[in-house]
Number of protein chains: 2
Amino acid sequence: MVTELHRLVDAGTVGQRLPSTRALQARLGVGPVTVQRALGRLVAEGRLVTRPGSGTFIASRRTTRTGDTDWQQVALGPSPVHPSGLDQVVHLANAPGLQLGAGYLDAGLRADARLATALGRAARRPDAWASPPAAGLPELRSWFGRQLGADPEHVLITSGSQSALSATMRAILPAGHPVLFATPTYPGALAVARSAGLTPISVPCDHDGLRPDLLRDAFARTSARLLVIQPTYANPGGSVLAAHRRGEILDICRVAGAFVIEDDYARWLGFAGEQTPPPLFVDDDRGQVITIVSLTKILAPSLRVSAVIARGPVMNRIGAMRIVDDFFVSRPLQHTVIELVSGPGWAAQLRAVGTALRERASALVAAVAHELPDCAATPPLGGISMFVGLPRGVDEGATVAAAARLGVVVGPGRYYTIGEQETAHLRLSYAGIPAQDIPTAVALLARALHDRS
Amino acid sequence: MVTELHRLVDAGTVGQRLPSTRALQARLGVGPVTVQRALGRLVAEGRLVTRPGSGTFIASRRTTRTGDTDWQQVALGPSPVHPSGLDQVVHLANAPGLQLGAGYLDAGLRADARLATALGRAARRPDAWASPPAAGLPELRSWFGRQLGADPEHVLITSGSQSALSATMRAILPAGHPVLFATPTYPGALAVARSAGLTPISVPCDHDGLRPDLLRDAFARTSARLLVIQPTYANPGGSVLAAHRRGEILDICRVAGAFVIEDDYARWLGFAGEQTPPPLFVDDDRGQVITIVSLTKILAPSLRVSAVIARGPVMNRIGAMRIVDDFFVSRPLQHTVIELVSGPGWAAQLRAVGTALRERASALVAAVAHELPDCAATPPLGGISMFVGLPRGVDEGATVAAAARLGVVVGPGRYYTIGEQETAHLRLSYAGIPAQDIPTAVALLARALHDRS
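Calculation notes
Residues numbered from 1 in each chain as written. Chains lettered and ligands numbered in written order. Predicted model: local features only at pLDDT ≥ 70, side-chain atom pairs only at ≥ 80, totals over all residues. Heavy atoms only, no water. Core = buried A, V, L, I, M, F, W, Y, C linked by side-chain atoms within 4.5 Å. Buried < 20%, exposed > 50% of the residue type's maximum accessible area, 1.4 Å probe, protein only. Helix = DSSP H or I, 4+ residues; strand = E, 2+ residues; numbered from the N terminus. Contact = heavy atoms within 4.5 Å. Salt bridge = Lys/Arg side-chain N within 4 Å of Asp/Glu carboxyl O. Polar contact = N/O pair within 3.5 Å; in protein donor to acceptor, adjacent residues only side chain to side chain. Nonpolar A, V, L, I, M, F, W, Y, C, P; charged D, E, K, R; others polar. Domains from an automatic or database assignment. Buried area = accessible area lost by both parts, 1.4 Å probe. Least-squares fit on C-alpha atoms with pLDDT ≥ 70 in both. Pairing = 2+ DSSP bridges.

As recorded in an unreviewed UniProt entry, chain A goes by PLP-dependent aminotransferase family protein and comes from Frankia umida.

Caption draft 1: Expanded view of the nonpolar core. Ranked by internal contacts, the top residues of the largest apolar core, which has 190 residues, are Phe144, Leu215, Leu227 and Leu428 of chain A together with Phe144, Leu215 and Leu428 of chain B. At nine residues, the largest contribution of residues to this core is made by helix H14 (residues 345-371) of chain A. Other than its neighbours up to four places away in sequence, phenylalanine 144 of chain B contacts Val155, Ile157, Trp268, Val293, Leu295, Val305, Ser306 and Ala307 of chain B. Core analysis: the second largest hydrophobic core is formed by 82 residues, Ile172 and Leu173 of chain A together with Leu76 and Val308 of chain B among them.

Caption draft 2: Summary view of unusual backbone geometry. Each neighbour pair has its own omega, and for threonine 183 of chain B with proline 184 of chain B the value is 0°, a cis peptide bond. Summarising the element assignment, proline 184 of chain B is placed in the loop between strand S5 (178-183) and helix H9 (187-195). With omega at 25°, the peptide bond leading from asparagine 235 of chain B into proline 236 of chain B counts as cis. For proline 236 of chain B, the position within the fold is in the loop between strand S8 (226-229) and helix H11 (243-255). At serine 84 of chain A, a position not held by glycine, the phi torsion is positive, near 55°.

Caption draft 3: The interface of chain B and chain A, seen in detail. Taken together, the contact pairs 103 residues of chain B with 102 residues of chain A. Inspection of the region where chain B meets chain A yields two salt bridges. Note that aspartate 326 of chain A is salt-bridged to arginine 304 of chain B, the shortest N-O span being 3.1 Å. Linking chain B to chain A there are 36 residue pairs in polar contact (both at pLDDT 80 or more). Of the residues forming the side of chain B that touches chain A, the biggest block, nine residues, is contributed by helix H12 (residues 313-326) of chain B. For the side of chain B that touches chain A, the class distribution of residues is 47 nonpolar, 32 polar and 24 charged.

Caption draft 4: Quick look at the domain arrangement of chain A. Residues and elements named next belong to chain A. According to the domain assignment, chain A consists of domain 1 (2-58), domain 2 (86-109 + 347-452) and domain 3 (112-344). On the side of domain 3, 37 residues touch domain 2, which itself brings 30 residues to the contact. Across the domain 2/domain 3 interface, buried area totals approximately 2700 Å², and carbon plus sulfur atoms make up 63% of it. Along the contact surface separating domain 2 from domain 3 lie one salt bridge. Among the salt bridges present, the one from arginine 358 reaches glutamate 274, with a minimum N-O distance of 3.2 Å. Summed over the shared surface of domain 2 and domain 3, the number is twelve residue pairs in polar contact (both at pLDDT 80 or more). Contributing elements (two or more residues each) for the side of domain 2 that touches domain 3: helix H5 (86-93), H14 and strand S13 (385-389). Looking at the side of domain 2 that touches domain 3 element by element, the count peaks at ten residues for H14.

Caption draft 5: Just the relation of the copies chain B and chain A, in detail. When chain B is fitted onto chain A, the two copies agree to an RMSD of 0.2 Å after a turn of 180° and an axial shift of 0.1 Å. Each copy turns onto its partner about a two-fold axis. Looking at the rotation axis and the C-alpha trace of chain B, the residue lying nearest is glycine 120 of chain B, at 2.3 Å.

Caption draft 6: Inspection of the pattern of salt bridges at higher detail. Residue and element names in this part refer to chain A. One pass over the structure, following the stated rule, counts 36 salt bridges over all chains. Across the salt bridge formed by arginine 170 and aspartate 325, the nearest N and O atoms sit 2.9 Å from each other. With arginine 170 in helix H8 (residues 161-172) and aspartate 325 in helix H12 (residues 313-326), this pair connects stretches of sequence that are 155 residues apart. Each member of the pair, arginine 170 as well as aspartate 325, is classed as buried. Where salt bridges share partners, they join Arg125, Asp127 and Arg331 into one cluster.

Caption draft 7: Spatial organisation of the pairing of strand S6 (residues 199-206) of chain A. Residues and elements named next belong to chain A. Bridge count between strand S5 (residues 178-183) and S6: six bridges; the pairing is parallel. Pairing of leucine 180 across the sheet is with isoleucine 201, part of S6. Here two bridges tie S6 to strand S7 (residues 209-210), and the two strands are oriented antiparallel to one another. Looking at S7, one finds that cysteine 205 is bridged to leucine 210. Counted along the chain from S6 to the antiparallel partner S7, the turn is two residues long.

In structure tokens:
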């Protein structure tokens, strides 16, 4: 109906009056509500304009004159915003081609039908539209608490994990302070820190995760009071903070009087058959660790619901910042999550995702070993990506561009590191590509790598 | 079903194994899916725990030991977060009693049934869960553009207006800068500014809105580069920036090289029969004015969708900050808005709201004139509240408390001003109270005022 109306409007001229709704009903063979809805849609799109008492007319393509905005370049000054490659990462994740750069699971692993049902049920609840409590719906706080081993009172519901990282960092540190990052790390967290006027300091990891000796050094040199770490299946490398290091890392932070933000983005992204390590905060009873978990990767990018687990005065502060940032998370979205994780399909989806991630990771590790023997590559222990070291002297940007020309999308490693690196890297994600396409994608990447060198 | 299961669990003991799902079906007379869903709900609540292969057990009331968190009070340092009374304002708006402190329309003026239908339709769209474009869905950008007279390309979809104010202020100014505010103003905007390390400077209004002479002074004394103003039905006073001042205000800002944030929260909250002034940005073709409009007040607090209209390089910067803050607004929420404003009920709701606001405002103005003749009170020209000046020497906090004891909730004026004021004020809102309850509420307020003096 809307399509037919578009065709009618496209064939008409600006200023032309549409037939009456009654005539449209007759011409298009539909009822009055359908016509009204279609007309309303075209008005919303700007194609039609309604003049009460006169009728409905085809609208002119309105262009708003914009005068000289160059003065803004002087007035604006240096930008406080530091996307840190985040916009590029998003752009790459949506690019066409064989996707080794995705940030989210592909639709095949999502559960869009269950999402629709859950949202529909949430919409019909009688209390669906009133303000929820600022900390989040009790049922959802309880669920997160149960999932992670936390008291529901220590759980704050937030929007996507960007909003959780943002509220947490800005609640703890005013502008001008350093923040330690276990590297390589997630560009979105770097973007939040820099855009808040904070200075990221790199603290490298090895196969066992964050290096305690370098962490000790970093605290000594910078008087930093905050560490950001991904102990479980770090993005981009899929590494785990070794069990024997957890206590040591916490001790070093305790001595430094520092908080720890645990970015637990991969809580539900472990491989089938593997035991996902517990969150770091379970080893800490002083409220040193603030844990952020998100459901957007396992559920859907548009289901922007996450949680912050924190204890002590810092929790109040983060909650206060959350209110200032955007009050609360939409009640229907929260109810949708509750519906989804309470229903019978949740466990099945977790198993399906765990199985697919294991299969895809294996395929990727094998393909990289076979096609890119000159690249340093540690198999991920979980999560959605691996970090591959390019041979010395190879240009990362040129490799990414050459791969794109061959139809393969990969992630530039520089967004995941801070400052100068000895060698360049690529992030290869298997979140958005079927296992059977992985060998082809990596073969093309190998060609891109060798062609350009 | 969930209730029966709760009763069963309440009657049991911790660690006790529940009957099998088959037995539960038989006992409760329901099918397997119903049992599964109810079990899932109680697991989510933490009342039950499932051990695969063993069965379902009644969970212990887990309490997570929290050790000593006092170290945080030393480590945290001064808080960067400045709620500026926002949390209090929210608390008061939800307090029981005759509500003269509401921030949102009451359910009687909302359209919750239409919201449910719209969200359900949005949920069923095949593309409902994929990432939307970062700037927002084109259809929604077009609608806002058409509503306000802006090019859709100049529209950015954001979450609630708090998120829009936050992204905008932080994109334009790094911490440490002053921001001019036309006062009295909205506490949420003050909270955003202070929590971003910015310093609000008060520039008072008179009956015609912001005073140009004081604005000129303020720019001269502070080197501020940003003004925040509510030209249309300012919250709390319901005043309008007089038509003859619009150009003058923009000129003063132009000379100062300053941006203007127009907080257009009341775009759809005009009184029936009154012509709502156009947004300030239509008088500006240099992109000086950044306009923020929100649908949460006219639709529902949980439908967190707003728009920022900006032109020139500053728009790119705000868009970049938005991505860092939380990527994008959930697609189903955006689709829900499109459904709502395209449907036949939208115009009817606008009329109903405009009529109710006019009626309620009249009742409030009359009651205040009658019951509180010693209080300075300017009738609002639109919007949801008025700002009432208390007699000299009267304590605002005591008045608010006395009113609460008599069952009337009012807004403390100090949250809406900056620094010392010659007299105290109260904000009286009519958003959340039926017209017929207003005389009673004001009479009780008068009693509170006279009893305590």
